[in-house]
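Report on the structure
Spelled out from the first residue to the last, the chains are:
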Amino acid sequence: MRKILLLLIVALSAFALHLDEIENFMQKNIDESLKILQNAKDDKKSAAQDIFKLFDGVFDYELMAKLSLSKYYQKLSQDEVAEFNKAFEASLKKSFTDKLELYKDQVLKVESGERKNEKRYFLTSSMMVDGEKKFIVFKFYKENDEWLIYDVDVLGVSIIQTYRSQFGDILENGTFKDLLSKLNDIIIK
Amino acid sequence: MMAFFLKFLINHPKSTFLLTLLICVLLSFFAFKLHFDASAESLLLEDDKDLKIFRELSKHYKSDNFLMLAFKPSDENPFSQTSLKKLENLHKELEGVRGVERVFSIINAPLLLSSENKDLKELMQNIPNITSKDINQSKAKDEILTSPFYQNNIIAKDGKTTAFIIYLKPDLTYIDLISARDSAKDEDERERLRTQIQKHQAEQNALTKALLTQIRTIISSYEKDGARLYLGGVSMISDDMISYIKDDLALYGISLVFLLGFALWYFFRSFALMILALFICFTALSSASGLFALLNFPVTVISSNYAPLMLIITLSVVVHLITHFIEISRLYPNTTQKRLVLQTLLAKAKPSFFAIFTTMIGFFSLIFSHIEPIIKLGIMMSLGIALGLILSYLFLSSALMLLKRQNFTQKEFKLSFLLWCANVSIKRKKFIYALAFITLILAFVGIPKLKVENSFVNYFKDGSAIKEGLLVIDKDLGGTLPLDIIVRFKTAKTQMKEGEILDSFENEFESLALKDTYWFDSKKTRIAKKVHHFLENKEFVGSVLSLNSLLSLGKSINNGKDLDDFALAFLNENLPPNFKQDLLSPFVNIKQNELRFSIRVIDSNPNLKRDTFLKNLENELNELLKNEDVELQITGIMLLYNNMLQSLFSSQFDTLAFVVLAIFALFVLIFRSFKIATIAIICNLIPLSLVFAFMGFLNVPLDLMSITIAAIAIGIGVDDILHYIYRFKEELKHNGVKKAIVNSHLFIGTALYYTTISIVLGFSVMMSSNFIPTIYFGILTTLVMILLLFGSLFLLPSLLISFYTKRNNKPKLLR
């Protein structure tokens, strides 16, 4: 039993990302993802599943869900929170999977990281699109000496910010159910 | 004093005549500097808060001032190769006109769905139009015909007529000058800026005129092969109005010379007297015009009426004087010319002064309208007719002296008719009262039916080029009257009290949300859609353009799905600037946190009740947006015009109350009797109310000109009553009431006829105008003058008989 517990702690701590490891970790996994994509040109769905496995550990989906709801998060019951978290992660992943259809062999390269403050670190990566450099910024926060992603800026637009404005408007004028049903329609372009 | 002064003039006829003439010539010289102002803003309320808002909002959005040119090709197919070629050439030519900022038509309309190239990114970088090489022509036609941006805007719903929207370079100097004037600290500074504004406007008018001439020349070269082109737009309407004013003034001048000349010949049978009377009237007019130019009074659509009004009123003074002169020269054939002239001028001094004074009060009351051009008309007329009276005296005192003594004759009217009038008023009082009572009932029923409407289309005659153009643009291309709805979002302030970690995240996202990138979000697009759909389905609304038109375009590119917040932020961040400029900036102002819905209202719809429409629109929009935490503003020329007319309508009471009270007070002073003053006022008001009742029953709307009728009619109309009562009191000294009535009828009947004929002839000239409000003004004023004459000949004597006895007024009246 103890062994199992120890193994579990080791396994978890293996995912605990430290600041100085972020750049390498991300570049390594990005390269890995691009390889997966190149090998699975016809089946982007299964490729997406493999990519999620690489990154799931560093994405804090729960926090992302919470941030997307902003002040409305406090108003949800525990059951609703659980239901929402699930739906949110699924929607996010579905959007990503759909987006992969448009992938055309571009190369994403980690450029540099910037420590915004004690608890924030933004990692900028870039890719060439039609001869123009476009940026994707992964936003990390620090939790118990571990760094996790809470938002991604795609070509200058924060995904969480655009979720916040949409969810806010839905909940201002509708119910939690409306939000859930609409969540499935929201696909990041 | 008066006699001394007049004697002096009569003793020095040559000097008086020449000196007066010299002053008149000097003043008239400035008349050439009189400037014409028919800009939309010349008719607006200066202190209207909506006008300030309108000017402020004009700065927020580009391309406010535009012309529309409708094009109906001979084959009625704008998409045929020959038509497209012509449209392309026309587009280029219009772009080359000086003063045109840009032109928007189906030639350069961006097409996103008609290209063989499906890649959105590439499309955005090089947006194709119908002339692009890889465009699919039939798809392009479909896209243009169904596009939310283009349909009912640059292409008619039936696809047979297309339009060019010609955006004119904005006149920023004018806006700056206006705001400098509004914020000027002292009156000197304000006056200096006013002069500067006038100068600038004159330059601007000349530029607009040149621009319109050039566009019209281009148009005519395209009309040769059977295509039909129609030009419309606020700038064009005001330019046409300026032309109309100038044409009207020229026409009034020429036709009044003949008409009044003929009337004067008919009355006096003397070439010399006819020329003299005309000379005095026209010299008074040109001198007054010079005076107005010196005082910096611009001639607007409304104040242009000063010309015929001045001629008519001065003429009535001159006619009264000459009639009296002829009468006494016949009565006393052996008296010297000097005595005759002096006697005439002295005898007529009081009634002429009071007649002019009451008319001045009538015009002066217009200052209560709070409308700049109407106030100006009031002041101009008050000054003008005072000048007319002075010049009449100066010229007549000298010119009659210089004329040879001769036996003048005049056309005699049948006295039997006047006798009949006098008898009817004496013997059929009940019948006359019954008529007056019926008139009052009609007034009570008809006057509440009066309405104010300001249809631009109806300002112009059927068949005129301007009306035809406005109708095509109105019916096929989305309406002529621009109106804007502004929805302003309040800056969101969140009050969060949560855990520390969420706080720091919340702060981060709250500040991120304030970035322009995220300005387009679900709430704003939802509101844009809601308001747009509401406006689209509103009766009388033609074209509606807003952010939602762009969203619909985005939806069609996005396989029929609405753009989400990410897509909106993404597009906002990555759209090419020129695309944003053309399609976004007219409808969105991120800095001001506003959305603008640019609508055009179908002006020619006869069921459109503008005030009700605007009120309903505001109420319904407020209801629609009540929980959205936004501010709503309706603005645009349509609203400002409506405010102006509504204000006129409501100030009509103030104006009338002032005229009636002032004239009543004056009557009390002149006649020293409340009873007579009351009778006189009643005899004025009853005929006047009948005209307004007619307007109510016949659905003739009050407009910017007919609204001045009441004040003017009372002012001019009391003259008859004044002259009559004066005579009546004179007669009372020697006769009983009934005899006094008969004698008064016989004595002043001729003068009343002369003046009424002159006035009716004068106002009838207005019926020849191309401007419908002027025509209505002419007809209605003529009607009111005739009714007022009836009031003087029938109602006044009846009331005098019933309520006035010789006993209660004997010696203290007139001497």
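Residues numbered from 1 in each chain as written. Chains lettered and ligands numbered in written order. Predicted model: local features only at pLDDT ≥ 70, side-chain atom pairs only at ≥ 80, totals over all residues. Heavy atoms only, no water.

An unreviewed UniProt entry lists chain A under the name Toluene tolerance protein, with Campylobacter vulpis given as the organism.

**Looking at the overall build of chain B**
A count of helices and strands for chain B gives 27 helices and nine strands. On the principal axes, the C-alpha backbone points of chain B span a range of 105 × 60 × 50 Å. The buried share of chain B, taken over its 815 residues, is 58%. Counting only contacts in chain B whose residues sit at least 6 apart along the sequence, the fraction spanning at least 24 positions is 81%. A total accessible area of about 34600 Å² is found for chain B, and carbon and sulfur atoms account for 61% of it. The distance from the centre of the 86 positive side-chain charges to the centre of the 75 negative ones in chain B is 17 Å. (Helix = DSSP H or I, 4+ residues; strand = E, 2+ residues; numbered from the N terminus. Buried < 20%, exposed > 50% of the residue type's maximum accessible area, 1.4 Å probe, protein only. Contact = heavy atoms within 4.5 Å. Areas by Shrake-Rupley, 256 points an atom, 1.4 Å probe, with all protein chains shown as cover. Lys, Arg positive; Asp, Glu negative; His and termini not counted. Charge placed at Lys NZ, Arg CZ, Asp CG, Glu CD.)

**Brief notes about the interface of chain A and chain B**
Taken residue by residue, the interface counts 35 residues in chain A and 30 residues in chain B. Buried surface at the junction of chain A and chain B, summed over both partners, amounts to about 2700 Å²; 57% is from carbon and sulfur atoms. One can count four salt bridges joining chain A with chain B. Residue D169(A) is joined to R526(B) by a salt bridge in which the shortest nitrogen-to-oxygen separation is 2.6 Å. At the surface where chain A touches chain B, the tally comes to nine residue pairs in polar contact (both at pLDDT 80 or more). Secondary structure elements with two or more residues in the side of chain A that touches chain B: α4 (61-69), β2 (120-129), β3 (132-143), β4 (146-154), β5 (157-158) and α6 (159-173) of chain A. The dominant element in the side of chain A that touches chain B, judged by the number of residues it contributes, is α6(A), at nine residues. The residue inventory of the side of chain A that touches chain B, partitioned by class, reads 14 nonpolar, nine polar and twelve charged. (Buried area = accessible area lost by both parts, 1.4 Å probe. Salt bridge = Lys/Arg side-chain N within 4 Å of Asp/Glu carboxyl O. Polar contact = N/O pair within 3.5 Å; in protein donor to acceptor, adjacent residues only side chain to side chain. Nonpolar A, V, L, I, M, F, W, Y, C, P; charged D, E, K, R; others polar.)

**Observations regarding the side chain of S365(B)**
Residues and elements named next belong to chain B. Along the chain, S365 turns up in the loop between α12 (337-364) and α13 (372-402). According to the relative accessible area criterion, S365 is buried, its value standing at 0%. With residues up to four places along the chain from it excluded, the contact list for S365 reads T655, F658, V659 and A711.

**Concerning the packing of aromatic side chains**
The geometry of an aromatic ring pair is captured by two quantities: the separation of the ring centres and the angle between the planes. All names here are of chain B. Taken as a whole and assessed by the stated rule, the structure comprises 41 aromatic pairs over all chains. Relative to F520, the ring of W519 lies with its centre 5.2 Å away and its plane at 85°, an arrangement referred to as edge-to-face. Just as W519 is buried, F520 falls in that class too. With centroids separated by 6.0 Å and ring planes inclined at 45°, the aromatic side chains of F664 and F674 adopt a geometry described as tilted. (Phe/Tyr/Trp six-rings, centres within 6.5 Å; stacked < 30°, edge-to-face > 60°.)

**What to know about the nonpolar core**
If you look at the biggest cluster of nonpolar residues, it comprises 260 residues, and the most contacted ones within it are L483(B) and F613(B). No other element matches helix α23 (residues 637-671) of chain B, which puts 17 residues into this core. With near-sequence residues (within four places) excluded, L483(B) lies in contact with F597(B), S598(B), I599(B), V601(B), F613(B), L614(B), L617(B), I634(B), T635(B), M638(B) and L639(B). In terms of nonpolar packing, the next biggest core, distinct from the first, is built from 66 residues, L63(A), Y141(A), L179(A) and L183(A) among them. (Core = buried A, V, L, I, M, F, W, Y, C linked by side-chain atoms within 4.5 Å.)

**Quick word on a nonpolar patch on the surface**
Residues and elements named next belong to chain B. On the surface, F431, L435, F437, I438, L440, I441, L442, F444, V445, F694, F697 and L698 cluster together into a nonpolar patch covering about 1200 Å² of accessible area. Broken down by secondary-structure element, the contributors of at least two residues to the nonpolar patch are α15 (429-446) and α24 (674-697). Inspection of the secondary structure puts V445 in helix α15. (Patch = residues over 30% accessible without salt bridge, like charges linked within 9 Å, V, L, I, M, F, W, Y side chains within 5 Å.)

**Quick look at the sheet that holds β2(A)**
Residues and elements named next belong to chain A. Taken together, five strands build an open sheet; the order of strands is β1-β2-β3-β4-β5 and the sheet is antiparallel. On the outer flanks of this sheet lie β1 (109-117) and β5, each paired with one strand and no other. Alignment of β2 against β3, held across ten bridges, turns out to be antiparallel. Bridge pairing in β3 links Y121 to F140. Contacts from α4 reach β3 and β4 within the one sheet, and its direction differs from that of β4 by about 50°. (Pairing = 2+ DSSP bridges. Axes fitted to C-alpha atoms, helices over the stretch in contact; angles between N-to-C directions.)

**Quick notes on the sheet that holds strand β4 (residues 228-232) of chain B**
Residues and elements named next belong to chain B. Spatial ordering of the open sheet is given by β2-β3-β1-β4, a layout of four strands whose pairing is antiparallel. On the outer flanks of this sheet lie β2 (100-104) and β4, each paired with one strand and no other. Looking at each pair of strands side by side, their axes are set apart by 20° on average, direction ignored. Relative to strand β3 (residues 162-168), β2 runs antiparallel, the two sharing four bridges. In the strand pairing of β3, F104 is matched with I165. In the packing of helix α4 (residues 81-95) onto the sheet, contacts are made with β1 (66-72), β2, β3 and β4, and the angle to β3 comes to roughly 10°.

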